[in-house]
Amino acid sequence: MSHPQSTPSMVDAAYGQIRRRILDNVWPPGHRALEQEVALALGMSRTPVREALVLLQNDGLVEVVPRHGMRVLPVSPVDMREIYEILTALECMAAELLARRHPSDAELAPLAQATEAMDAALQGDDLDAWAAADERFHAGLIELAGNRQLAATVWNYWDRAHRARMFSLRLRPKPVNSTREHRELLERLRAGDERGAAEVNRAHRARANRELLAIFEHYKLAQM
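These numbers come from a predicted model, not from an experiment.

Conventions adopted
- Residues numbered from 1 in each chain as written.
- Predicted model: local features only at pLDDT ≥ 70, side-chain atom pairs only at ≥ 80, totals over all residues.
- Heavy atoms only, no water.
- 1 Å grid on protein atoms, 1.4 Å probe; cavity = no way out; pocket = protein on both sides within 12 Å on 5 of 7 lines; lining within 4 Å.
- Points joined across faces, edges and corners; volume = space filled by probe spheres on them.
- Helix = DSSP H or I, 4+ residues; strand = E, 2+ residues; numbered from the N terminus.
- Nonpolar A, V, L, I, M, F, W, Y, C, P; charged D, E, K, R; others polar.
- Salt bridge = Lys/Arg side-chain N within 4 Å of Asp/Glu carboxyl O.
- Buried < 20%, exposed > 50% of the residue type's maximum accessible area, 1.4 Å probe, protein only.
- Polar contact = N/O pair within 3.5 Å; in protein donor to acceptor, adjacent residues only side chain to side chain.
- Contact = heavy atoms within 4.5 Å.
- Phe/Tyr/Trp six-rings, centres within 6.5 Å; stacked < 30°, edge-to-face > 60°.
- Pairing = 2+ DSSP bridges.

Pulling in residues and values, what's your account of the layout of surface pockets?
In this structure, the largest pocket spans a volume of roughly 250 Å³. No other element matches helix α7 (residues 148–168), which puts 5 residues into the lining of the largest pocket. Residues belonging to the lining of the largest pocket are distributed by class as follows: 7 nonpolar, 2 polar and 6 charged.

Which residues make up empty space enclosed by the protein, and what values go with them?
By the definition in use, this model includes 2 cavities of 30 Å³ or more. Of the volumes computed, that of the largest cavity is approximately 190 Å³. Along its surface, the largest cavity is lined by 18 residues, and D134, H138, R165, R205 and N209 are the ones closest to its centre. Where the lining of the largest cavity is concerned, the elements lending two or more residues are α4 (77–100), α6 (127–145), α7 and α9 (194–218). No other element matches α9, which puts 5 residues into the lining of the largest cavity. By residue class, the composition of the lining of the largest cavity is 7 nonpolar, 6 polar and 5 charged. The volume enclosed by the second largest cavity comes to roughly 30 Å³. Around the second largest cavity sit L87, E91, I142, V154, W158 and R205, which together line it. Elements represented by at least two residues in the lining of the second largest cavity include exactly α4 and α7. Classifying every residue of the lining of the second largest cavity by side-chain character gives 4 nonpolar, no polar and 2 charged.

Can you break down the pattern of salt bridges residue by residue, with the values?
Pairs can form between side chains of opposite charge whenever their charged atoms are close. Under the definition given, this model contains 21 salt bridges. Salt-bridge contacts for D119 lead to R183; the nearest nitrogen and oxygen are separated by 3.5 Å. Of the two residues, D119 sits in helix α5 (residues 105–123) while R183 sits in helix α8 (residues 178–190), which places them 64 residues apart along the sequence. You can call R183 partly exposed: its relative accessible area is 32%. Salt bridges sharing common partners tie together R172, R180, E181, R207 and E211.

Go over unusual backbone geometry, please, and point to the residues and values.
Phi is positive for H102, which is not a glycine, with a value near 50°. Considering the arrangement of structural elements, one finds H102 in the loop between α4 and α5. Located in the positive-phi region is D125, a residue other than glycine, with phi close to 60°. Considering the arrangement of structural elements, one finds D125 in the loop between α5 and α6.

Outline the side chain of H138, listing residues and values.
Within the secondary structure layout, H138 lies in helix α6. With relative accessibility at 2%, the residue H138 sits in the buried group. Within the local environment of H138, its side chain forms a polar contact with the side chain of H182, the two groups lying 3.3 Å apart. If near-sequence neighbours (up to four positions away) are discounted, H138 is found in contact with E91, W158, H182, N201, H204 and R205.

Give me the lowdown on the packing of aromatic side chains, citing residues and values where you can.
Within the structure shown, the criterion is met by 1 aromatic pair. Seen from their ring centres, W155 and W158 are 5.2 Å apart, and the 80° between their planes marks the pair as edge-to-face. Residue W155 and its partner W158 are both found in helix α7; the two are separated by 3 residues, about one turn of the helix. Overall, the relative accessible area of 30% leaves W155 in the partly exposed class. By relative accessible area, which is 17% here, W158 ends up buried.

I'd like a description of the pairing of strand β2 (residues 62–65), backed by residues and values.
Moving residue by residue along a regular strand, the side chains alternate between the two faces of the sheet. When β2 meets strand β3 (residues 69–72), the two strands line up antiparallel, connected through 4 bridges. Directly across from E63, in β3, lies its bridge partner R71.

Just distances and angles here, no functional claims.
Okay, here's the thing in structure tokens:
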């Protein structure tokens, strides 16, 4: 009996859709689904879904269970603490590199716009829009630093940090301090204050990371 063939583009599409659902917590840690259920949800045949699940298992996002489809894997608080430490250190270095260049208002415009979008989202009580704007700010900071190796290392951990943040988005205190902290960081960057930019960013990240890790502890999420 012949099986329908899957093309690389079909596998890529299945991989992208499943991965996005996991990272955005549409399919949260522990979520189980049969291969056929995943295929139906994506409007695809099972063959590209099966191949995509193998790739996602290699990424550490799912466990492929023979005859039972897949299970979305947890992320441990220990892993997240270590990832946050790495990202905080690299982001502070990015802030130093950017401040050293004395960036212009035009260069910093994407960060300023993201900060204003965060403020507007909070006023509208739209946490998803706030999270998207916050990520634009931090991604923009990494890009503007201009160090490709630093950026590549950050992007290696970005998806797992995004997944944890989306999981905890509605469990955290309302992020009322973030806009003020971003504006303070922008002032230090504009002034070319390397040490000040790094210190402001470190304090900002430390506060956010404490909130996230406290949620893991509060909910006794030995594995998220």
